[in-house]
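Descriptive analysis of the structure
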Amino acid sequence: MVERAAGADRAVESVFREEHGRLLASLVRRFGDLDLAEEVASEAIEAALVHWPVQGVPASPGAWLLTTARRKAVDRLRRDRAYAARLAVLQVEADRARPAPPSDAGPGDDLPDERLQLFFTCAHPALLPEARGALVLRCLAGLTTPEVARAYLVPPATIAQRIVRAKKKIRVARIPFRVPDADELPGRLPGVLQVLYSIFTEGYAASSGPRLQRLDLAEEAIRLTRILRRLLPAEREVTGLLALMLLVHARRAARTGPGGELVLLKEQDRDRWDRPMIEEGLHLVSRALTGGPPGPYGVQAAIAALHDEPSDFASTDWPQIVALYDVLLTLTPSPVVALNRAAAVAMRDGPKAGLALLDALADEPRLRGHYPYQAARADLLQRLGRLREASEAYRRALALVGTEPEREHLRRRLEAVERVR
């Protein structure tokens, strides 16, 4: 009996993780209210934890949860007629504005897959940027509010407030639960991709804390991007983003040492890289770059591929990487892209050429609080033997750095410079 109950608990957890977004999207589409959908989805999960250990896991667990959640929603609306009337008006307006899209669910699917609408709702430009990622993790990934708070390294009350305000904005502004039209999609999709990439970036290179990487967060971003690619298979930038994530995440085991210390790319043990993940990423890069002009994520993925393909750091094709950064600068001109290009130029043409490009960026406001800029300058100054200036740049970088492994790495570099001054 204990084993059966444990098996049921695992089944509920598995279904919840894989189907939570689909369940929530179906409920929002049916009832037009995100709060109600979340509440009855949670109640359906609780009901499953009670019934499945006794009755067994149903053949179609997702459909069971959806049916149970719908019943609970109907019961709640019957008890609160005023609430039901408000939802009915909103639903009629939504249906008039946009007929229900056809489901892409096959005969064996438990739930219709309407997560694409939920992606665009959670990442709507009318919402504050800090709320979009929180909503995506809460609604599509199924993380609890405390788990989302840990992802953003802020108190749970702060995240709860952001989510409440975002939901209110969706309700008051009547943000539609729909996929943008074909003519709107190019303007809206980058916002969705940016949310996913921001989640991944925080996992790959944490902004603060004791660890360099937060692998669970990076892997959640990859899982969500896989879902988005299944829903939008023809969008090459979705493919490019997934390729970029895989090619970068493939190095995860080699990026830190036994004590969690930072290991630079040129010092990493490439035998520890995830070769199957790299192969998948390389395949996706070719698809992202085929069939039309390249997009920013496709170009970034191509750069990551050039880092991953060689068997050693010395074989890196720096001229090709610089050329790709030139393309990226035309697509998304930004000081950060220019910084990365300068670092690549330093590898191609030497530290003096790279430093000249970095110095030209000195007045860029976005780089003033960006520690990698000061760290890159410090490294090039050190390589040129300008040790006093290198020491000053390392100190400026230390004042800005976020995680302890990066801070310790900079301390070691600073100590090495000051020993030979």
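One structure accompanies this document, and this report is about it. Because the structure is a prediction, the values reported are computed rather than measured.

1. Section: the overall build of the chain
For the chain, the helix and strand inventory stands at 20 helices and 0 strands. Relative to its full complement of 421 residues, the chain shows a buried share of 48%. Expressed as a percentage of contacts within the chain between residues at least 6 apart in sequence, the contacts between residues at least 24 apart total 66%. Total accessible area on the chain is roughly 20300 Å²; 54% of this is exposed by carbon and sulfur atoms.

2. Quick word on the packing of aromatic side chains
According to the stated counting rule, one finds 4 aromatic pairs in the structure shown. Taken together, a centroid distance of 5.8 Å and an interplanar angle of 65° make the contact between phenylalanine 313 and tryptophan 318 edge-to-face. On the basis of relative accessible area, phenylalanine 313 is assigned to the buried category, the value being 18%. When the ring centre of phenylalanine 31 is taken as origin, the NZ or CZ atom of arginine 30, which lies over that ring, is 4.8 Å away. For arginine 255, the ring lying beneath its charged end belongs to tyrosine 204, and the centroid distance is 3.8 Å.

3. A word on the pattern of salt bridges
For the coordinates displayed, the defined rule picks out 24 salt bridges. The partner of arginine 214 in a salt bridge is glutamate 202, and the shortest N-O contact between them spans 3.4 Å. Residue arginine 214 is found in the loop between α9 (185-204) and α10 (215-231), and its partner glutamate 202 is found in helix α9; the two are separated by 12 residues along the sequence. The exposure class assigned to arginine 214 is buried, which follows from its relative accessible area of 8%. You can call glutamate 202 buried: its relative accessible area is 15%. Between arginine 252 and aspartate 274 there is a salt bridge whose closest N-O contact spans 3.0 Å. One end of the pair, arginine 252, is in the loop between α11 (236-249) and α12 (275-288); the other, aspartate 274, is in the loop between α11 and α12, with 22 residues separating them in the sequence. For arginine 252, a relative accessible area of 21% gives the class partly exposed.

4. Structural notes on the packing of helix α18 (residues 371-383) against helix α20 (residues 404-420)
Interhelical geometry of α18 versus α20 gives an angle of 25° and a closest axis separation of 12 Å. Relative to α20, the element α18 is oriented roughly parallel. At the point where α18 passes α20, the crossing takes the left-handed sense. Side by side, α18 and α20 meet where Tyr371, Ala375, Asp379 and Gln382 of the first sit next to Glu406, Leu410, Arg413 and Val417 of the second.

5. Notes on unusual backbone geometry
Even without being glycine, arginine 174 reaches a positive phi, approximately 55°. Residue arginine 174 is classed as partly exposed on the basis of its relative accessible area, which comes to 48%.

6. Points about the nonpolar core
Of all hydrophobic cores here, the largest spans 96 residues; its most connected members are Leu27, Phe119, Leu135, Leu137, Leu224 and Leu228. Ranked by size, the runner-up nonpolar core spans 24 residues in total, among them Leu339, Tyr373, Leu398 and Val417.

7. Overview of helix α14 (residues 318-331)
In an α-helix, one turn spans 3.6 residues; hence positions three or four apart end up facing the same way. For α14, which comprises 14 residues, the first-to-last C-alpha distance of 20 Å matches the rise-based estimate of 20 Å (1.5 Å per residue) to within 8%. Trp318, Ile321, Val322, Leu324, Tyr325 and Leu328 are the residues of α14 that are buried. Along the axis of α14, the buried residues cluster in a sector spanning 160°; they form a single face. Here the buried face of α14 lies against α13 (296-308) and α15 (335-349). Where α14 begins, one side-chain oxygen reaches toward the backbone nitrogen of glutamine 320, 3.2 Å away; that side chain belongs to aspartate 317.

8. Section: the environment of isoleucine 170
Along the chain, isoleucine 170 turns up in helix α8 (residues 156-172). Not counting residues up to four positions away in its chain, the partners in contact with isoleucine 170 are Leu34, Thr121, Leu127, Leu135 and Ile175.

Thresholds applied
Residues numbered from 1 in each chain as written. Predicted model: local features only at pLDDT ≥ 70, side-chain atom pairs only at ≥ 80, totals over all residues. Heavy atoms only, no water. Helix = DSSP H or I, 4+ residues; strand = E, 2+ residues; numbered from the N terminus. Buried < 20%, exposed > 50% of the residue type's maximum accessible area, 1.4 Å probe, protein only. Contact = heavy atoms within 4.5 Å. Areas by Shrake-Rupley, 256 points an atom, 1.4 Å probe, with all protein chains shown as cover. Phe/Tyr/Trp six-rings, centres within 6.5 Å; stacked < 30°, edge-to-face > 60°. Lys NZ or Arg CZ within 6 Å of the ring centre and 35° of its normal. Salt bridge = Lys/Arg side-chain N within 4 Å of Asp/Glu carboxyl O. Axes fitted to C-alpha atoms, helices over the stretch in contact; angles between N-to-C directions. Parallel < 35°, antiparallel > 145°, perpendicular 65-115°, else oblique. Left-handed = near helix turned anticlockwise from the far one by under 90°. Core = buried A, V, L, I, M, F, W, Y, C linked by side-chain atoms within 4.5 Å. Expected span 1.5 Å × (residues − 1). Arc of directions from axis to C-beta. Polar contact = N/O pair within 3.5 Å; in protein donor to acceptor, adjacent residues only side chain to side chain.

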